[in-house]
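Chain by chain, the residues run as shown.
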Amino acid sequence: MYKNPHVPSLEKRIGISVVIGIVIALTGSSIEAFVDKHAFISFESLDDFVIGIMAALVVFWYEQRRHRTVLEKLRTISSMNHHVRNALQAITYSPYAEQEKQIKLIEDSVGRIQWALREILPGEKEGTDILPAERPVTLEIPRAEARKGRRRPPH
């Protein structure tokens, strides 16, 4: 079954950034207080807190960038899902149409899927498609008249 991927909220991204900044500031201040033999929170520890704030900002920037990348990937997946499902829906109902309409319906659906793969998915540019749009896909389905009197090949 399809599950929605977990996308962290803004509050969670801010929380992660703040926690990492505080951990860095406290670690730096603790080490400096132990080595220099001064109070844990003192004027000498000010630079550790500035580094902690800077680290929190860098982590927040990274989290925001990662969040935007995940959202863009989800949009791409959603768009591909929409186009491919629509094309497959038409193929699913093709057995109920006349033979010539079946072939046209399937060719149109394959063309829509190829378009979606080419236009929506990021990747290589023109000329690297497995099935280029210039080469139409045709299905050879024997006519009912041509099949009369023929036996099916053994499986």
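Because the structure is predicted, anything quoted here is derived from the model rather than measured.

Q: Is there a simple way to explain the overall build of the protein chain in this structure?
A: Helix and strand counts for the protein chain come out as 4 helices and 0 strands. Starting at the N terminus and ending at the C terminus, the protein chain contains elements arranged as α-α-α-α. The buried share among the 155 residues of the protein chain stands at 19%. Partitioning the contacts of the protein chain with sequence separation of at least 6, the portion at a separation of at least 24 is 58%.

Q: Mind showing me how you'd approach the pattern of salt bridges here?
A: Oppositely charged side chains can pair when the atoms bearing their charge come close. According to the stated counting rule, one finds 3 salt bridges in the structure shown. Between E63 and R66 there is a salt bridge, with the nearest N and O atoms lying 3.2 Å from each other. On the criterion of helical spacing, the pair formed by E63 and R66 is a turn pair, its members being 3 residues apart in helix 2 (residues 46-93). We classify R66 as partly exposed; its relative accessible area is 39%.

Q: Can you help me understand helix 1 (residues 10-36) in this one?
A: Residues lying three or four places apart along an α-helix face the same way, a consequence of the helix completing one turn every 3.6 residues. For helix 1, built from 27 residues, the straight-helix expectation of 39 Å at 1.5 Å per residue is met to within 8% by its first-to-last C-alpha distance of 39 Å. For helix 1, every residue scored as buried is listed here: R13, S17, G21, A25, S29, E32 and A33. Looking at the packing, one finds that the buried side of helix 1 touches helix 2. Downstream of helix 1 by a residue or two, K37 has a phi angle that is positive, lying close to 55 degrees.

Q: Is there a simple way to think about the packing of helix 2 against helix 3 (residues 99-119) in this case?
A: Any two packed helices are characterised by how steeply their axes cross, that is the angle between the axes, and by the distance between the axes. In contact at an axis separation of 8 Å, helix 2 and helix 3 are set at 170 degrees when each is read in the N-to-C sense. Taken together, the axes of helix 2 and helix 3 are roughly antiparallel relative to one another. In contact with M80, H83, V84, N86, A87, L88, A90 and I91 of helix 2, helix 3 contributes L105, I106, S109, R112, I113, W115, A116 and L117. In terms of residue class, the contact of helix 2 with helix 3 is made up of 12 nonpolar, 3 polar and 1 charged.

Q: In this structure, what is going on with a nonpolar patch on the surface? I would like to understand it.
A: A contiguous nonpolar surface patch, about 600 Å² in accessible area, is contributed by L10, I14, V18, I22, L26, F40 and I41. With respect to the helices and strands, the residue L10 is situated in helix 1.

Q: I keep staring at the environment of V110 and nothing clicks. Help me out?
A: Following the sequence through the fold, V110 ends up in helix 3. Taking the relative accessible area as the measure of exposure, V110 reaches 21% and is therefore partly exposed.

Q: Would you mind going over the confidence of the model for the protein chain with me for this structure?
A: As a general rule, the predicted coordinates of low-pLDDT regions are not to be interpreted in detail. Taken as a whole, the protein chain shows an average pLDDT of 78; of its residues, 75% reach a score of 70 or greater. Considering only residues more than four positions removed or in separate chains, one finds that residues 139-155, a stretch of pLDDT under 50, has 8 contacts.

Q: Would you mind going over the packing of helix 1 against helix 2 with me for this structure?
A: It is at 7 Å that the axes of helix 1 and helix 2 come closest, and there the two elements cross at 155 degrees. When the interaxial angle is binned, helix 1 and helix 2 end up roughly antiparallel. Two packed elements cross with a definite hand, and for helix 1 against helix 2 that hand is right-handed.

Criteria and cut-off values
Residues numbered from 1 in each chain as written. Predicted model: local features only at pLDDT ≥ 70, side-chain atom pairs only at ≥ 80, totals over all residues. Heavy atoms only, no water. Helix = DSSP H or I, 4+ residues; strand = E, 2+ residues; numbered from the N terminus. Buried < 20%, exposed > 50% of the residue type's maximum accessible area, 1.4 Å probe, protein only. Contact = heavy atoms within 4.5 Å. Salt bridge = Lys/Arg side-chain N within 4 Å of Asp/Glu carboxyl O. Expected span 1.5 Å × (residues − 1). Axes fitted to C-alpha atoms, helices over the stretch in contact; angles between N-to-C directions. Parallel < 35°, antiparallel > 145°, perpendicular 65-115°, else oblique. Nonpolar A, V, L, I, M, F, W, Y, C, P; charged D, E, K, R; others polar. Patch = residues over 30% accessible without salt bridge, like charges linked within 9 Å, V, L, I, M, F, W, Y side chains within 5 Å. Areas by Shrake-Rupley, 256 points an atom, 1.4 Å probe, with all protein chains shown as cover. pLDDT = per-residue confidence, 0-100. Left-handed = near helix turned anticlockwise from the far one by under 90°.

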